[in-house]
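Residue-level listing of the chains:
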Amino acid sequence: MIKRGHTLREGIDHWVFLHAEFRDLALSKSDWKQLEQLEKILGVTLQMSHADTPTIPWVLPMYWLMEYQLCLVSEDMALPLSFREAATVGINKLEKYHTYAKNNLFYVVATACHPAMRLNWFGPPDSDEYERASTIFQHVYEEYSQSTHPPTSGLTSPSKPNNRNLPSNTSFLQSCLTLGSSFNDLGSGTLTASEYDRYTHGDGGAGDIEKLLGWWKEHSTSKEGFPVISRIACDFLAIPSASVSVERLFSSLRHLCSDLRSSLKAETTTSAMCTKQWLKQGMLEFDVRRLISSQTMTQKKTD
C-alpha cells in the first residue's frame, strides 16, 4: 500500500521493502538515476499518445527532434557507455523509418496543415524538401478545389531560410517548431492573392500550437478564411499517427463486452463506445436527474 504524500519513487521503494520476496529487486540510487535519464530520452514520444488533439502533424517534427536528442546522447560522455551505444543504434534505426515517413504524403500534408508550421517548416524555399512538400500540398489543394473553383496558379515562397538550431529548456511542441523555420519568417498574404498563396504566406497567424482544431474552426468560414484548405485539414488531421488511442479503446472495450454481454451486436457496441467517448469530451449533454425523472414518470404510467 503506497502512502499518501509519497512520490512514485518513494512509494515503489516502500512497497518493495514491505514484501520480503521482492527485496532483491529493489532499485538503488544509481538505478533510479538511469531511469530518470531514460525518461528524458524517451519522453519525446509521449506527445504521440494524446487522444484529445491531432497528432499526425507532429510525426515528421518528432523524427527530427528524436534524431537531435539521440545525437546529443551518443556524444554525452557523462552518460553510461550502454546509453551512448544504444543511442547510436537508435539513430541508424531512426533514419530508416524517418525516410519512410518523409515519403508518406499523409504526413507531409498534415504537417503543412498546421498553421504554425505550414510549408515553411520543411526548410528554405530552394531546398529539395520544401519543393517536394509544396508540390504534394499544391496537388492535394488543386484536387480539393476542383469542386469549388479552378485550381490556382503557383505560389510565392517565403524568403528566409529555416533555422535548425534547438534551444534548451523548451517544450516538445515548441522544440518541433524550432527545428523548422520560425513562423515569424513567414510573410503575410493579401486579400487579392489566392487562398493557397495566402495560406502559405502565413495569413491568419500561427495561433495556439496546442489548439490546432480551434484555429481551423475560426478560419474555415470567415471572410478571410481558407474554405478549401480547411477541408483538407479536416480529412488529414483526423488520421491517427499512432495506434495508442485505438489500443486504449480496445482495452476499455472489455468492460463493455464482458462474458455477460457476449452477444452484443457490433452496431450496439460501436454506439455505446462512441457515446461514452462523446460524454467524456463534453460533446453530449447528459442530465442524470432528468433521466431518473423520465424513468420514474414512465414507471408510474406503466403501473
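Residues numbered from 1 in each chain as written. Predicted model: local features only at pLDDT ≥ 70, side-chain atom pairs only at ≥ 80, totals over all residues. Heavy atoms only, no water.

Enquirer: Break down a negative patch on the surface for me, with residues and values.
Expert: On the surface, Asp126, Asp128, Glu129 and Glu131 cluster together to form a negatively charged patch. In this fold, Asp128 is placed in helix H6 (residues 128-145). Given the relative accessible area of 64%, Asp128 is considered exposed. (Patch = residues over 30% accessible without salt bridge, like charges linked within 9 Å, V, L, I, M, F, W, Y side chains within 5 Å. Areas by Shrake-Rupley, 256 points an atom, 1.4 Å probe, with all protein chains shown as cover. Salt bridge = Lys/Arg side-chain N within 4 Å of Asp/Glu carboxyl O. Lys, Arg positive; Asp, Glu negative; His and termini not counted. Charge placed at Lys NZ, Arg CZ, Asp CG, Glu CD. Helix = DSSP H or I, 4+ residues; strand = E, 2+ residues; numbered from the N terminus. Buried < 20%, exposed > 50% of the residue type's maximum accessible area, 1.4 Å probe, protein only.)

Enquirer: Before we move on, could you go through the pattern of salt bridges and cite the residues and values that matter?
Expert: Once their charged atoms are close, side chains differing in charge can pair, the charge on each being opposite to the other. One pass over the full model with this rule turns up one salt bridge. For Asp203, the salt bridge goes to Arg198, with nearest N and O atoms at 3.8 Å. The pair formed by Asp203 and Arg198 is uniform in burial state, with each residue classed as buried.

Enquirer: I'd love a proper account of the confidence of the model for the chain, names of residues and values included.
Expert: The predicted model of the chain has a mean per-residue pLDDT of 77, with 73% of residues at 70 or higher. Mean pLDDT across the elements of the chain ranges from a minimum in helix H7 (residues 172-179), with 60, to a maximum in helix H5 (residues 105-112), with 93. In the predicted structure, residues 150-164 sits below a pLDDT of 50 and forms 51 contacts with residues beyond four places in sequence or in another chain. Low pLDDT, under 50, characterises residues 181-189; the stretch is placed with 29 contacts to residues that sit more than four places away or in other chains. (pLDDT = per-residue confidence, 0-100. Contact = heavy atoms within 4.5 Å.)

Enquirer: Go over a nonpolar patch on the surface, please, and point to the residues and values.
Expert: Together, Leu27, Leu35, Leu38 and Leu42 give the surface a local cluster of nonpolar side chains, amounting to about 330 Å² of exposed area. Its location among the elements puts Leu42 in helix H2 (residues 29-42).

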